[in-house]
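# Per-entry structural report
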Amino acid sequence: MDTPEIVKKAPFAVPVEAGKAYWWCACGRSAQQPFCDGSHKGTAFRPVKYQPTEDGKAFFCGCKHSGNQPLCDGTHKQL
Ligand code: FES
Ligand code: FES
């Protein structure tokens, strides 16, 4: 199993719209963080879909080690 690259040890706070699909980068290789740009090709990683039911702000995991992907769960503090 590949290890994801740590992009940063903090979440990305992103305004999100209800019903819209967001594809979070799980591999850490995307140049368009925190979202997938296809750079996972050739790895075991796939992006994770996030579709909020309400408008608001989402805290997407930047360290790629969250236990609650695609959102930050505080795991970055232990890295
Ligand atoms: Fe990282 Fe697609 S580029 S999951
Ligand atoms: Fe990954 Fe917080 S940024 S758990």
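### Here's the deal with the overall build of the protein
Secondary structure assignment for the protein yields zero helices and four strands. From first element to last, N terminus to C terminus, the protein shows the α and β order β-β-β-β. Here the C-alpha atoms of the protein give a radius of gyration of 12 Å, agreeing with the 12 Å that 2.2 N^0.38 yields for 79 residues. With respect to the three principal axes, the spread of C-alpha positions in the protein is 35 × 30 × 20 Å. Out of the 79 residues in the protein, the part that is buried amounts to 37%. Contacts in the protein between residues at least 24 apart in sequence constitute 59% of all its contacts with a sequence separation of at least 6. For the protein, the exposed area adds up to about 4700 Å²; of that, 48% sits on carbon and sulfur atoms. Side chains of the protein give 10 positive and 7 negative charges; the mean places of these two sets differ by 5 Å.

### Notes on the packing of aromatic side chains
Counted according to the given criterion, the structure contains four aromatic pairs. When the ring of Y22 is compared with that of F60, the centres are 6.4 Å apart and the planes differ by 45 degrees; the resulting orientation is tilted. Residue Y22 is found in strand β2 (residues 22-24), and its partner F60 is found in strand β4 (residues 56-60); the two are separated by 38 residues along the sequence. With respect to class, Y22 is no different from F60; both count as buried. Between F35 and F60, the aromatic rings sit 5.2 Å apart at their centres with planes inclined by 75 degrees, giving edge-to-face as the arrangement. In this pair, F35 is assigned in the loop between β2 and β3 (48-50) and F60 in strand β4, connecting sequence segments 25 residues apart.

### Some points on the nonpolar core
Within the largest apolar cluster, 14 residues are counted, with the highest numbers of intra-cluster contacts made by V14, V16, Y22, W24, Y50, A58 and F60. Those elements giving two or more residues to this core turn out to be β1 (12-16), β2 and β4. If you tally residues by element for this core, the top one is β1, at three residues. If sequence neighbours within four positions are ignored, A58 has contacts with F12, A13, V14, V16, Y50 and L71.

### Focus on the side chain of H76
Locating H76 in the fold gives a position in the segment after β4. When near neighbours in sequence (up to four residues on either side) are disregarded, H76 contacts K9, A10, P11 and C63.

### Here's the deal with unusual backbone geometry
Glycine aside, residues mostly have negative phi angles, and peptide bonds mostly take the trans form. A cis amide bond links Q33 with the next residue in sequence, P34, at an omega value of 5 degrees. Considering the arrangement of structural elements, one finds P34 in the loop between β2 and β3. P70 follows Q69 through a cis peptide bond whose omega is 10 degrees. On the secondary structure map, P70 appears in the segment after β4. With a phi angle near 70 degrees, K64 is a residue other than glycine that sits in the positive phi range. Looking at where K64 falls in the secondary structure, it is placed in the segment after β4.

Reading the values: rules and limits
Residues numbered from 1 in each chain as written. Chains lettered and ligands numbered in written order. Predicted model: local features only at pLDDT ≥ 70, side-chain atom pairs only at ≥ 80, totals over all residues. Heavy atoms only, no water. Helix = DSSP H or I, 4+ residues; strand = E, 2+ residues; numbered from the N terminus. Rg over C-alpha atoms; globule rule 2.2 N^0.38 Å. Buried < 20%, exposed > 50% of the residue type's maximum accessible area, 1.4 Å probe, protein only. Contact = heavy atoms within 4.5 Å. Areas by Shrake-Rupley, 256 points an atom, 1.4 Å probe, with all protein chains shown as cover. Lys, Arg positive; Asp, Glu negative; His and termini not counted. Charge placed at Lys NZ, Arg CZ, Asp CG, Glu CD. Phe/Tyr/Trp six-rings, centres within 6.5 Å; stacked < 30°, edge-to-face > 60°. Core = buried A, V, L, I, M, F, W, Y, C linked by side-chain atoms within 4.5 Å.

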